[in-house]
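Single-letter residue listing:
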Amino acid sequence: MGCIRNKCCCCSYSQEFLIQNHADIVFSLVIFILIGLMFEATAKTAILFIQPQYNISTLSPEGEVSLYHFGWKDCATIIFYLFITIILHAVVQEYVLDKVNRRLHLSKSKNTKFNESGQLCVFYLVSSVWSLYVLSTEGYLLHPSSLWENYPHVHLRFQVKFFYLTQLAYWLHAIPELYFQKVRKEEIPRQLQYITLYLLHIVAAYLLNLTRVGLVLLFLQYLSELGFHISRLFYFTDENHHKMFDLWAVGFVFTRMITLTLMFLVVGFGLGRAENQTLDWEAGNFNTVFIRMTVLFLVCFTQSWLLWKFIRFQLRRWREFRLEQAARKRAAAENGTSPRLKKIKAP
């Protein structure tokens, strides 16, 4: 029995050590890869992790331009930036969120949601600004038809490919962070749902050469989610700010409408009228009826599921508000005082 207790203590101690020092361990791995650049024998291997691969040089009116396409070596780059994301996550948590948490004195459940919203606010803000910059510099905003013209869009500029690699790195890093942040078991399925959905949609856009429309959809989604998590952060600092959720609700429905309209325009109308509609793996052409219908179904199903969850939450919130309002009015009538409404619980 004593041996079993000792093993359990050692196991729990090693797990706690890993959780407390995971950022330092990952930082050591990053330094190890960077040191590999200093030696000729290891430089070629180290560069696989740091710099996007599969670049080709081509001539354009602007001069010689480097373009990129995807391949299996991208996995090494994603792993490296996954390490970088874990380090940045720990920096934001320790130097920003933990300090705010100590001042707010939140409960354990609210503390978990506050940390989640704080981390996602930083990511959504950076990613939405970054994606908007890429969309404007690539000219997709001024020329919407470029989202489907000249498909397949096999060759990407550096900023487009690097954006997708870092997006995949972030959402992959979110999986081990569930363990590192000691997320409650009842919260894990909910967070795994949206992590999986993001990974599925980003991978599909990247591998099917739908990166242009994928950029627009990610910008819209990140902007909508940024509004939600800012509203939740304000609610945790002051519960009188629950009206900000009403503003987010309008933006949420508007985003779903634009997303569905854009997908039918690009995939159903734009790609549907293209001349070349044959599957060609070497050329990267996936513009077939089956694949288009699959992509449309995936996006429509996801948007419908999000709307269904949104409507359920709003109805439950409205019912709770009406019941609480009726109860307060009855209590006020009995006591002869003016009713005060209970603050609505944040999602």
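Residues numbered from 1 in each chain as written. Predicted model: local features only at pLDDT ≥ 70, side-chain atom pairs only at ≥ 80, totals over all residues. Heavy atoms only, no water.

Colleague: I'd love a proper account of the overall build of the protein chain, names of residues and values included.
Modeller: Scanning the protein chain from terminus to terminus reveals nine helices and two strands. Scanning the protein chain from its N terminus toward the C terminus, one meets helices and strands in the order α-α-β-β-α-α-α-α-α-α-α. Taking the principal axes of the C-alpha coordinates as reference, the protein chain spans close to 80 × 65 × 40 Å. Here the protein chain holds 347 residues, and the buried ones make up 41% of them. The long-range share in the protein chain, meaning contacts at least 24 apart out of those at least 6 apart in sequence, stands at 71%. A total of about 20500 Å² of accessible surface is found on the protein chain, and carbon and sulfur atoms cover 66% of it. In the protein chain, which carries 35 positive and 24 negative side-chain charges, the distance between the mean positions of the two groups comes to 12 Å. (Helix = DSSP H or I, 4+ residues; strand = E, 2+ residues; numbered from the N terminus. Buried < 20%, exposed > 50% of the residue type's maximum accessible area, 1.4 Å probe, protein only. Contact = heavy atoms within 4.5 Å. Areas by Shrake-Rupley, 256 points an atom, 1.4 Å probe, with all protein chains shown as cover. Lys, Arg positive; Asp, Glu negative; His and termini not counted. Charge placed at Lys NZ, Arg CZ, Asp CG, Glu CD.)

Colleague: Lay out the UniProt feature "transmembrane region" (unreviewed entry) in the protein chain in plain terms, naming residues and giving numbers.
Modeller: Per the UniProt annotation, the sites labelled "transmembrane region" (unreviewed entry) are residues 25-50, 78-97, 118-142, 192-209, 247-269 and 289-308. Secondary structure within residues 247-269 divides into 100% helix and 0% strand; the distance between the first and last C-alpha atoms comes to 32 Å. Along residues 289-308, the helical share is 100% and the strand share 0%, with 28 Å between the first and last C-alpha atoms. (UniProt positions renumbered as here; feature names shortened; annotations may be inferred.)

Colleague: An account of the nonpolar core is needed here, citing residue identities and associated values.
Modeller: Ranked by internal contacts, the top residues of the largest apolar core, which has 74 residues, are Tyr124, Tyr164, Trp171, Leu215, Tyr222 and Met263. Here this core takes 13 residues from helix H7 (residues 211-237), the largest share from any one element. Not counting residues within four places of it along the chain, the set of residues in contact with Tyr124 comprises Trp171, Tyr198, Tyr222, Glu225, Leu226 and His229. (Core = buried A, V, L, I, M, F, W, Y, C linked by side-chain atoms within 4.5 Å.)

Colleague: How would you sum up the confidence of the model for the protein chain? Please name residues and give values.
Modeller: Looking at the protein chain as a whole, the pLDDT averages 87, with 91% of positions reaching at least 70. Across the protein chain, the secondary-structure element scoring lowest on mean pLDDT is helix H1 (residues 2-36), at 75, and the one scoring highest is helix H5 (residues 158-180), at 95. (pLDDT = per-residue confidence, 0-100.)

Colleague: Residue-level account of the environment of Asn101, with values.
Modeller: Along the chain, the position of Asn101 falls in helix H3 (residues 74-104). According to the relative accessible area criterion, Asn101 is buried, its value standing at 11%. Each residue touching Asn101, except ones within four places of it in the same chain, is listed here: Leu106, Asn111, Phe114 and Asn115. Engagement of the side chain of Asn101 in a polar contact is seen with the side chain of Asn115, the distance being 2.7 Å. (Polar contact = N/O pair within 3.5 Å; in protein donor to acceptor, adjacent residues only side chain to side chain.)

Colleague: Residue-level account of the packing of aromatic side chains, with values.
Modeller: In the structure shown here, the tally under the stated rule is 30 aromatic pairs. For the pair Tyr124 and Tyr222, a centre-to-centre distance of 5.3 Å together with 40° between the ring planes defines the contact as tilted. Residue Tyr124 is located in helix H4 (residues 108-138), and its partner Tyr222 is located in helix H7; the two are separated by 98 residues in the primary sequence. Geometrically, the ring pair formed by Trp281 and Phe286 is edge-to-face, given 5.4 Å between the ring centres and 90° between the ring planes. When its relative accessible area of 66% is taken as the criterion, Trp281 is described as exposed. Since its relative accessible area comes to 8%, Phe286 is described here as buried. Among the aromatic side chains, those forming a connected cluster through ring pairs are Tyr68, Phe70, Phe80, Tyr81, Trp130, Phe158, Phe162, Phe163, Tyr164 and Tyr206. Across from the ring centre of Phe252, 4.5 Å away, lies the NZ or CZ of Arg256, which sits over that ring. (Phe/Tyr/Trp six-rings, centres within 6.5 Å; stacked < 30°, edge-to-face > 60°. Lys NZ or Arg CZ within 6 Å of the ring centre and 35° of its normal.)

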